[in-house]
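# Structural overview for review
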Amino acid sequence: MRPRAQPQYTLAVQPETSVIVVSDAHLGCAPEPARKAFHRFLSAVPDLGGHLIINGDLFEFWFEYKSVIQREHFATLSALARLREAGVRITLIGGNHDRWGLGFWERELGVEFHQGSVQMQLAGWKSWVVHGDGLAELRRGSKITHAVCSHPMTAQFFRLLHPDIGFGLVRRMRRFLCAARDNQELVARAAAAQADYARSFLRENLDVDLLVMGHTHVPALEPVADSRWYLNPGAWLDRLCYAVITPDGPELRTYGDSGGK
């Protein structure tokens, strides 16, 4: 059998010193205008920076079987493939809705995939990137859910189900998952708890310049010392927001604004 040819990629249009961060698009639950806007945003990324970081929950649910992917996300996967062909580096961090990968991202799309956290240099800043679930949860139920969903045995059990059955079960649960994000008081408390966690983390890890998180859906850009920050781009699902990191530091933006293309 002849080996399969590997994808060929060109050089980035923009230098990697400009990094784009987006989080919590929740495609599959997001309204259609937000989904279409996200695809337009992906097409604009080469003009914004040479490295795109998707910091968790790109999809409302993603689970990778050995030879099956979810057809509803084909358009998004195609847009990401075009972005890679344009030379943009893509790093995907698994969130609490889409951390179950087996190799599809790297092998088929050339996307760097991390189920948990990752340390990297972003525009020259020493950065730690993590979605954020399980780190500052307030509710006991959320802690239990995180422990169960992140356990390897859970994924192995789900993989035993036929994809039509597994994906069908998730579709039936979507209305409950989406409804849980409508409690604004809980969202505000979660954002405050995450900010407390970020301050503590940066106090204890003086070698980290930038802590990048998601999960709470609340945008945050908080300096904790000279040239050190906690950054959460917020949820694309809610506000079409993202962040840009340059050698000058991080900046929050909203897609469609004059400063956000």
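Every chain's residues receive numbers from 1 upward, in the order its sequence appears when written. Note on the predicted model: pLDDT of at least 70 is required for a residue's local features to be given, and 80 or more for side-chain atom pairs to be given and counted; whole-chain, interface and lining totals, by contrast, use all residues. The basis for the side-chain values is all heavy atoms of the structure; hydrogens and waters are excluded.

Looking at chain direction, strand β10 (residues 241–246) and strand β11 (residues 249–254) are connected through six bridges and run antiparallel. When the sheet's bridge partners are listed, Y242 is paired in β11 with R253. Two strands form a pair only when DSSP identifies at least two bridges running between them. Secondary structure elements follow DSSP: runs of H or I of four or more residues count as helices, runs of E of two or more count as strands, with numbering from the N terminus. Counted along the chain from β10 to the antiparallel partner β11, the turn is two residues long.

So, on to the pattern of salt bridges. Side chains that differ in charge, positive against negative, can pair when their charged atoms come close. Any carboxyl oxygen of Asp or Glu within 4 Å of a side-chain nitrogen of Lys or Arg constitutes a salt bridge here. Here the structure, examined in full by the defined rule, presents seven salt bridges. With its nearest N and O atoms 2.7 Å apart, the salt bridge here joins R89 to E112. Taken together, the residues span a long stretch of sequence, with R89 in strand β3 (residues 89–93) and E112 in strand β4 (residues 112–114) at a distance of 23 residues. Residue classification places R89 among the partly exposed residues on the basis of a relative accessible area of 24%. Residues E222 and R199 are paired through a salt bridge, measuring 2.5 Å at the closest nitrogen-oxygen approach. On the criterion of sequence distance, the pair formed by E222 in strand β8 (residues 220–225) and R199 in helix α7 (residues 184–204) is long-range, its members being 23 residues apart. Each residue gets one of three labels from its accessible area relative to the maximum for its type: buried under 20%, exposed over 50%, partly exposed in between, using a 1.4 Å probe on protein chains only. We classify R199 as partly exposed; its relative accessible area is 28%. Salt bridges sharing common partners tie together D196, R199 and E222.

This part is about helix α2 (residues 74–85). Taking 1.5 Å per residue as the helical rise, α2 with its 12 residues ought to reach 16 Å, and the 16 Å between its terminal C-alpha atoms agrees with that figure. Where α2 is concerned, the buried positions are T76, L77, A79, L80, L83 and R84. The arc that holds the buried residues of α2, viewed along the axis, is 160°, so those residues lie on one side. Turned more than 90 degrees away from the buried face of α2, the exposed residues are F74 and R82. Taken from the residues just after α2, G87 is the one with a positive phi, measuring 100°. Here a helix's expected span is defined as the number of its residues, less one, multiplied by 1.5 Å. The arc in question is formed by the directions pointing from the helix axis toward the C-beta atoms.

What follows is about the sheet that holds strand β5 (residues 118–122). Strand order across the open sheet formed by five strands is β5-β6-β7-β9-β8, with mixed pairing between neighbours. Both edges of this open sheet fall to β5 and β8, since each of them pairs with a single strand only. Put simply, the sheet's adjacent strands are angled 20° from each other on average, direction ignored. Examined bridge by bridge, strand β7 (residues 210–212) and strand β9 (residues 228–232) share three bridges and lie parallel to one another. Within the sheet, the bridge partner assigned to L210 lies in β9 and is W229. Every axis corresponds to a line fitted to the C-alpha atoms, with the helix fit spanning only the stretch in contact, and the corresponding angles, defined between N-to-C directions, vary from 0 to 180 degrees.

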